[in-house]
Amino acid sequence: MQKKFITVLFILLTSWAWSQHTQEELEQRKAKIQQEIQEKQKMLDEVKGKEKSVVKLLSLQKEKIGLKEKLINTTSKQTKLLSNDMYINQVQINKLKKDLTILKEDYAEMIVKSYKSRSQQSRVMFLLSSESFLQAYKRLQYMKQYSSYRRMQGEEIKDKTQKLADYNLKLSGQKTEKEKLLAEQEKQRADLEKEKQEQERIANSLKKDKKQIAAEIKKKQQETKKIDAQIQKIIRDAIAEANRKAAAAKVKANPKTTTVAETKRIEESTKIVLTPEGQLISNNFKANKGRLPWPVEKGVITLGYGDQPHPVYKTLIIHNSGIEITTEAGANARAVFGGEVTKVVLTSPLNKMVFIQHGDYFTIYQNLSSVSVNVGDKVSTKQSIGKIRTNSEGKTILKFLISQNTTSANPTSWLNR
């Protein structure tokens, strides 16, 4: 029974220590999100003051709403953790109350018995009535142990009473903290509702410019298609080059057994024929799906992957072969996994693009103003590969793509959330 109690107590203390650690992490996360919200508000104020495009206003407002939702989720997690702590403390309080009840009843019963015993005969008579010296000694030891046990029970009652008071005080403090968190969460929800109303106001103003926006989207989509076609060609060329080298290596390794048909099959494959080393890299990359670091130190996804409706004009469909991540001015793009730089492309006088190969996977980083790597370089995870360009609207956006051979994938599902 004692062993079971120690095990339960250990689990409770471990849970409490873990929750304390998590609470600190959540507080740090909240502080970071609140700082980002302030930054977005500052950007909003700057845009409003300079009377810039309402398109940018809507985009920034959308980012701010996303941060507000993250803040609410973080506060909810804090509230849940606090509730768990309160439950653990309540369990302790209930156990202490039960223990105290049993101890007090036992102590009271012992006092009554002791009183009755004293009324029947004195301690001296109890000793003198012993039949031998040994019996008298044993009776004396018994009376000493009995007295010591009573003192010990009294001290245990005192100790548990103090612990009960401490737990009650702690629980009272936690209840106050929970009420504060709930009030904070309610305020955050009210703020979020105001932000959504502001977004709706901006969206309504945008509807007046639908024709112009539709033309801008069409132009941007045409540019995107050209770049996507260029990316596909670059990847096909990389596949052809990799397979040409693989075929040559096979002939060199096995000149007598390798047939012309085999080399032709390798060279004409539409997928990279992986060497054992390449297969290992590819497997490692695939095994990290959902755990890859972001290609920027901090940022927000402002345009997702695939075909999606315009945030205001639902009939206008936007296609995106990757994701767009808005970050701060001067930010660097960084490799999400170790690999080899296979191509650095100048898509415009001010825009560069980097390809990194990971077995038969490729990660592509667009909208770079400068590049700090060269073709053939081996890069490591989180290594900076170039500076992200800030466009004419003041946005610093990295377009990030993932492709297995020529098949594109949704980068969001690969990144650590």
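Criteria and thresholds
Throughout, a residue's number is its position along its own chain's written sequence, starting from 1. Residue-level local features of this predicted model are given only where pLDDT is at least 70; pairs of side-chain atoms are given and counted only at 80 or more, and the full residue set underlies all totals for whole chains, interfaces and linings. Hydrogen atoms and water are omitted, and side-chain values are computed over all heavy atoms in the structure. Pairing of aromatic side chains here covers Phe, Tyr and the six-membered ring of Trp, requires ring centres within 6.5 Å, and sorts the geometry by plane angle: under 30 degrees stacked, over 60 edge-to-face, intermediate tilted. By the criteria applied, helices consist of DSSP H or I runs no shorter than four residues and strands consist of E runs no shorter than two, each listed in order from the N terminus. Buried means the residue's accessible area, taken with a 1.4 Å probe over protein chains only, is under 20% of the maximum for its type, while exposed means over 50%, and partly exposed covers the values in between. In this description, a nonpolar core means a group of buried Ala, Val, Leu, Ile, Met, Phe, Trp, Tyr and Cys residues linked to one another through side-chain atoms lying within 4.5 Å. When checking whether two residues touch, look at their non-hydrogen atoms; a contact exists if any pair is within 4.5 Å. Two strands qualify as a pair provided DSSP detects at least 2 bridges between them.

1. Notes on the packing of aromatic side chains
Step number 1: Tallying each qualifying case throughout the model produces five aromatic pairs.
Step number 2: Consider the rings of Tyr-365 and Phe-400, whose centres lie 5.3 Å apart with planes at 50°: the pair is tilted. With Tyr-365 in strand β8 (residues 361–371) and Phe-400 in strand β11 (residues 396–404), this pair connects stretches of sequence that are 35 residues apart.
Step number 3: By relative accessible area, which is 0% here, Phe-400 ends up buried.
Step number 4: In textbook terms, an aromatic cluster arises when at least three aromatic residues are bridged by ring pairs, as seen for Phe-285, Phe-337, Tyr-361 and Trp-414.

2. Regarding the environment of Lys-194
Step number 1: With respect to the secondary-structure elements, Lys-194 resides in helix α4 (residues 133–206).
Step number 2: Given the relative accessible area of 57%, Lys-194 is considered exposed.

3. Some remarks on the nonpolar core
Step number 1: Leu-292, Ile-356, Tyr-365 and Ile-385 are the most contacted members of the largest nonpolar core, which has 27 residues in total.
Step number 2: At the level of elements, β4 (323–327), β7 (351–358), β8, β10 (384–388) and β11 are the ones that each hand at least two residues to this core.
Step number 3: Look past the residues within four positions of Ile-356 in its chain and what remains in contact with it is Ala-335, Gly-339, Glu-340, Val-341, Tyr-361, Phe-362, Thr-363, Tyr-365, Val-379 and Ile-385.
Step number 4: Membership of the second largest hydrophobic core comes to 12 residues, among which are Ile-231, Ile-234, Ile-235 and Met-353.

4. Here we look at unusual backbone geometry
Step number 1: Of note in this structure, Lys-382 is not a glycine but carries a positive phi near 70°.
Step number 2: Its place among the elements puts Lys-382 in the loop between β9 (378–379) and β10.
Step number 3: Non-glycine residue Asn-405 carries a positive phi angle of around 55°.
Step number 4: As for its position among the elements, Asn-405 is in the loop between β11 and β12 (407–409).

5. Observations regarding the pairing of β7
Step number 1: When you tally the buried positions in β7, you get seven out of eight residues, the bulk of the element.
Step number 2: Pairing analysis gives seven bridges linking strand β6 (residues 339–348) to β7, with the strands arranged antiparallel. When the bridges of β7 are listed, Val-345 appears paired with Met-353.
Step number 3: What sits between β6 and β7 in their antiparallel hairpin is a turn of two residues.
Step number 4: Looking at chain direction, β7 and β8 are connected through six bridges and run antiparallel. Residue pairing across strands places His-358 opposite Tyr-361, the latter belonging to β8.
Step number 5: Between β7 and β8, which follow one another and run antiparallel, lie two residues, and Gly-359 among them has a positive phi close to 70°.

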